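Below are the chains, spelled out letter by letter.
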Amino acid sequence: MTAALRAEFLKLTSTRLVAAMTGLAVALTALIGVLEAVTAGTGKGMAIPSLATSGGLRDNLASTGFALLVAALLGVLVASGEFRLKTATDTYLDQPDRTRVLAAKAIVAAAAGAVLGIAAAATSAGIALGFAASRGYPLALPDPVIARYAGGTVVGSALLAAAGAGAGSLIRQQTGAIIAVVAWGLVVELVVGATITTAGRFLPYTAAAMMAGDTNGGGMPQIPRGVTTLPYPAAIALLVAIAIAVAVVAALTTVRRDIT
Amino acid sequence: MTVIEVRGLAKRFGPATAVDRLSFAVGAGTVTGFLGPNGAGKTTTLRMLLGLVRPDGGQAVIWGKPYRELGRRRRQVGAVLEASGFHPGRTAAGHLRVRAAATGAGRSRIDAVLAETGMSELARRRAGHLSLGERQRLSLAGALLGDPEVLILDEPANGLDPAGVLWLRGFLRQLGDQGRTVLVSSHLLAEVAQFADRAVVIDRGRLVSAGPVTELVKAARQAITVRTPRAGALRAALISEGAAVQDAGADRLEITGLGTEEVATLAAALGIPVYEMTTEGGSLEEAFLRLTATEGRPG
């Protein structure tokens, strides 16, 4: 397992994928964070409450929603890129135990997702706290709560990236896998969560976004209305379970498939 | 000693039979050409041998075991398969570092295989900026990382320019001279005949012929044209020796099945004057086409 992990780690560090995806996550977080901060408290359109309030500051801290999706895509690219670039042949020649390869990919994707999450959380915190301070507002949330939201972004990004790696192994066609993950985050969860509100909190993106501070009906991408927040440890357990489940299904499928 | 053994191997892709109860063996320390026209099932056979494709029947083993069960000895099998890819943003050395990490090969081997394949100066170049020939060399470098006893190469000459083909020919012969067991697939008999000791020929997934390359070349049935004033007498003598003879004009015979030495010796023994004797070129490829019966088959 150590050899497989080392190889997967080298694969990630010898290309610009993590840097590019982290850059994208930071850019999207900054765009949404700044737009929210600038319009906060104006009451216009979808403006969040004032940064002087706990709700406003929390919403602004939670501008990492798209970063969570980018983390999932990072996981997809880690796995499906092997098939798009036809490097899977060498990978499975060097390590014929396909389950081991998949596990290594999920672990490395989680680590890369965590790095992306740290960058995104730092960006949203910098923007929210910076704008609040520049307007002379006292800190509307205690430090542990701010840290918990930031941690939610990091843990959520890591676990969604791991699940993305499973999805990328399952759906080898990279474009299809990317479309599937984006559609899941932007459409499927919104529709399912809005239709069956009791199930919404158990959906992976929704659970991760709520760990990062999003509340029902808010967030970007939006969290379905009426969905209640899952307790923090339960949300982590749920995301771990989903990542493992996707990986197991992917492993069972990958072991049987021909590498052509 | 048999190193590679394929026993009754079979594979279907939907309605198409790719490999059909194929059996052959490759002995230690030999360079073996694995020949067949495009679509004959060579790549599928090699992928089954290396555990990438699951056979529907039969078995393919190296040192008596399926590839994935070789354990640490797996490092001693190097392979280059057609359609293997590279990350375009990863350098040549970076690519080898990844493969060395995955197989547990020492990092000192990276410089060694780069030098062995003439890639040292391109070590820091990204794979996306390498030519096809350079990428083939890099693939070979990757296969050599574990200093393998066995090398399995799928159409390594594909896309190479004449200089690259010349280099590869010498390289493969050198690997054979080092005592390694090399199995190289190709659809060019004339090419393989220049470096291989033995040849396994398949067509439509079935074994057509297996044996020393010299035997295959001998069986090439070169056509010999002879001009003689006693064509009738020579024809009768040649037929009695097992040759196939056709009239090619009033005083000309076209002979297959015997070599030029045998025809000349027979004519001399009978005191039949021979004014001219010519052999047709390109006979290796013709023999290959005859063996695999693919003349006129598209692509």
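Nothing here was measured: the structure is a model prediction, and the numbers come from that model.

1. Details of the overall build of chain B
Along its length, chain B carries 10 helices and 13 strands. Sequence separation of 24 or more characterises 69% of the internal contacts of chain B that already satisfy a separation of 6 or more. Put simply, chain B shows about 13,300 Å² of open surface, and 49% of that area lies on carbon and sulfur atoms.

2. Quick word on the nonpolar core
Residues and elements named next belong to chain B. Counting 42 residues, the largest nonpolar core has Leu 35, Leu 96, Leu 153, Leu 172 and Val 182 as its most contacted members. With 5 residues, helix H5 (residues 162-177) is the largest single contributor of residues to this core. Those residues in contact with Leu 96 that sit more than four places away from it in its chain are Ile 110, Val 113, Leu 114, Leu 138, Ala 141, Gly 142 and Leu 145. Counting residues in hydrophobic clusters, the runner-up holds 36 residues, among them Val 6, Met 48, Leu 52 and Leu 70.

3. A few points about the pairing of strand E5 (residues 77-80) of chain B
Note on strand geometry: in a regular strand, side chains alternate between the two faces of the sheet. Residue and element names in this part refer to chain B. Both faces of E5 are covered, namely the face carrying Val 77 and Ala 79 and the face carrying Gly 78 and Val 80. Here E5 runs beside strand E6 (residues 150-154); their pairing, made up of 4 bridges, is parallel. Paired with Val 80 across the two strands is Leu 153, which belongs to E6.

4. Observations concerning the interface of chain B and chain A
Across the boundary between the two partners, chain B contributes 29 residues, which contact 25 residues of chain A. Summed over the shared surface of chain B and chain A, the result is 13 residue pairs in polar contact (both at pLDDT 80 or more). Looking at the side of chain B that touches chain A, the elements with two or more residues in it are strand E1 (2-13) and helix H2 (92-103) of chain B. In terms of residue count, H2 of chain B provides more of the side of chain B that touches chain A than any other element does, 7 residues in total.

5. A look at the sheet that holds strand E13 (residues 276-279) of chain B
Backbone hydrogen bonds are what pair the strands of a sheet, in a parallel or an antiparallel way. Residues and elements named next belong to chain B. Strand order in the open sheet formed by 4 strands is E11-E12-E10-E13, with antiparallel pairing between adjacent strands. Because the sheet does not close on itself, it has two edges, and the strands there are strand E11 (244-247) and E13. Going across the sheet, the axis of each strand differs from the next one's by a mean of 20°, ignoring polarity. Each of strand E10 (224-227), E11 and strand E12 (252-256) touches helix H8 (residues 231-240); the most contacted strand, E12, lies at about 10° to it. Docked against the sheet, helix H9 (residues 260-270) engages E10, E12 and E13, running at close to 165° with respect to E13.

6. Description of the packing of helix H8 (residues 174-195) of chain A against helix H10 (residues 204-211) of chain A
Between two packed helices, both the angle of their axes relative to each other and the distance between the axes serve to describe the pair. All names here are of chain A. The N-to-C vectors of H8 and H10 enclose an angle of 100°; their axes lie 9 Å apart at closest approach. The angle between H8 and H10 falls in the class roughly perpendicular. In this structure, H8 contributes Trp 184, Gly 185 and Glu 189 to the contact, and H10 contributes Pro 204, Tyr 205 and Thr 206. Tallied by class, the residues present in the contact of H8 with H10 amount to 3 nonpolar, 2 polar and 1 charged.

7. Topic: the packing of H10 of chain A against helix H11 (residues 232-256) of chain A
Residues and elements named next belong to chain A. In contact at an axis separation of 10 Å, H10 and H11 are set at 145° when each is read in the N-to-C sense. Here H10 and H11 pass one another in a crossing that is left-handed. On the side of H10, the interface is formed by Pro 204, Ala 207, Ala 208 and Met 211, while H11 contributes Tyr 232, Ala 235, Ile 236, Leu 238, Leu 239 and Ile 242. A per-class count over the contact of H10 with H11 returns 10 nonpolar, no polar and no charged.

8. Examining the sheet that holds strand E4 (residues 57-62) of chain B
Residue and element names in this part refer to chain B. Reading across from one edge, E2-E1-E4 is the order of the 3 strands in this open sheet, with antiparallel pairing throughout. In the strand order of this sheet, the two ends are held by strand E2 (16-27) and E4, each with one partner. This sheet shows a mean twist of 15° between the axes of neighbouring strands, independent of strand direction. Sheet topology places E1 next to E2; 8 bridges connect them, and they run antiparallel. Within E2, the residue paired with Lys 11 across the bridge is Val 19. Packing of helix H1 (residues 42-49) onto the sheet brings it into contact with E1, E2 and E4, and relative to E1 it is tilted by some 120°.

9. Digging into the packing of aromatic side chains
Residue and element names in this part refer to chain B. Under the counting rule described, the total for this entry stands at 2 aromatic pairs over all chains. Taking the centre distance of 5.2 Å and the plane angle of 35° together, the rings of Phe 24 and Phe 34 count as tilted. Taken together, the positions of Phe 24 in strand E2 and Phe 34 in strand E3 (residues 31-35) put the pair 10 residues apart, joining distant regions of the chain. Measuring from centroid to centroid gives 4.8 Å for Trp 167 and Phe 171, while their planes differ by 15°, and the two rings are stacked. Of the two residues, Trp 167 and Phe 171 both sit in helix H5, 4 residues apart, roughly one turn of that helix. Among the residues examined, Phe 171 registers a relative accessible area of 4% and is labelled buried.

10. Remarks on unusual backbone geometry
All names here are of chain B. The backbone phi angle of Asp 147 is positive, close to 50°, even though this residue is not glycine. One non-glycine residue, Glu 155, adopts positive backbone phi at about 45°. Note on placement: Glu 155 falls in the loop between E6 and H5. Judged by its relative accessible area of 7%, Glu 155 falls in the buried class.

11. Quick word on the side chain of Thr 87 of chain A
Within the secondary structure layout, Thr 87 of chain A lies in the loop between helix H4 (65-84) and helix H5 (88-94). With a relative accessible area of 12%, Thr 87 of chain A lands in the buried category. Every residue in contact with Thr 87 of chain A, bar those within four places of it in the chain, is listed here: Gly 81 and Glu 82 of chain A together with Gly 85, Phe 86 and His 87 of chain B.

12. Regarding the confidence of the model for chain B
Residue and element names in this part refer to chain B. Summary statistics for chain B give a mean pLDDT of 87 and a share of 92% for residues scoring 70 or more. Within chain B, the element-level pLDDT minimum falls on helix H10 (residues 283-292), averaging 66, and the maximum on H1, averaging 95. Low pLDDT (under 50) marks residues 295-299, which in the prediction has 7 contacts with non-local residues, meaning those over four places away or in another chain. The ipTM assigned to the predicted complex is 0.81, against a pTM of 0.81.

13. Comments concerning the pattern of salt bridges
Enumeration according to the criterion identifies 20 salt bridges over all chains in this entry. Between Glu 8 of chain A and Lys 11 of chain A there is a salt bridge; the shortest N-O distance is 3.0 Å. In this pair, Glu 8 of chain A and Lys 11 of chain A are both assigned in helix H1 (residues 2-13), 3 residues apart and thus about one turn of the helix distant. Like Glu 8 of chain A, the residue Lys 11 of chain A is buried in the burial classification. Here Arg 173 of chain B ties to Asp 177 of chain B by a salt bridge, and the two come within 3.5 Å at their closest N and O atoms. With Arg 173 of chain B and Asp 177 of chain B both in helix H5, this residue pair falls 4 residues apart, about one helical turn. Judged by relative accessible area, which is 59%, Asp 177 of chain B ranks as exposed. Sharing partners across several salt bridges, the network here consists of Glu 8, Lys 11, Glu 82 and Lys 105 of chain A.

About the cut-offs
Residues numbered from 1 in each chain as written. Chains lettered and ligands numbered in written order. Predicted model: local features only at pLDDT ≥ 70, side-chain atom pairs only at ≥ 80, totals over all residues. Heavy atoms only, no water. Helix = DSSP H or I, 4+ residues; strand = E, 2+ residues; numbered from the N terminus. Contact = heavy atoms within 4.5 Å. Areas by Shrake-Rupley, 256 points an atom, 1.4 Å probe, with all protein chains shown as cover. Core = buried A, V, L, I, M, F, W, Y, C linked by side-chain atoms within 4.5 Å. Buried < 20%, exposed > 50% of the residue type's maximum accessible area, 1.4 Å probe, protein only. Pairing = 2+ DSSP bridges. Polar contact = N/O pair within 3.5 Å; in protein donor to acceptor, adjacent residues only side chain to side chain. Axes fitted to C-alpha atoms, helices over the stretch in contact; angles between N-to-C directions. Parallel < 35°, antiparallel > 145°, perpendicular 65-115°, else oblique. Nonpolar A, V, L, I, M, F, W, Y, C, P; charged D, E, K, R; others polar. Left-handed = near helix turned anticlockwise from the far one by under 90°. Phe/Tyr/Trp six-rings, centres within 6.5 Å; stacked < 30°, edge-to-face > 60°. pLDDT = per-residue confidence, 0-100. Salt bridge = Lys/Arg side-chain N within 4 Å of Asp/Glu carboxyl O.

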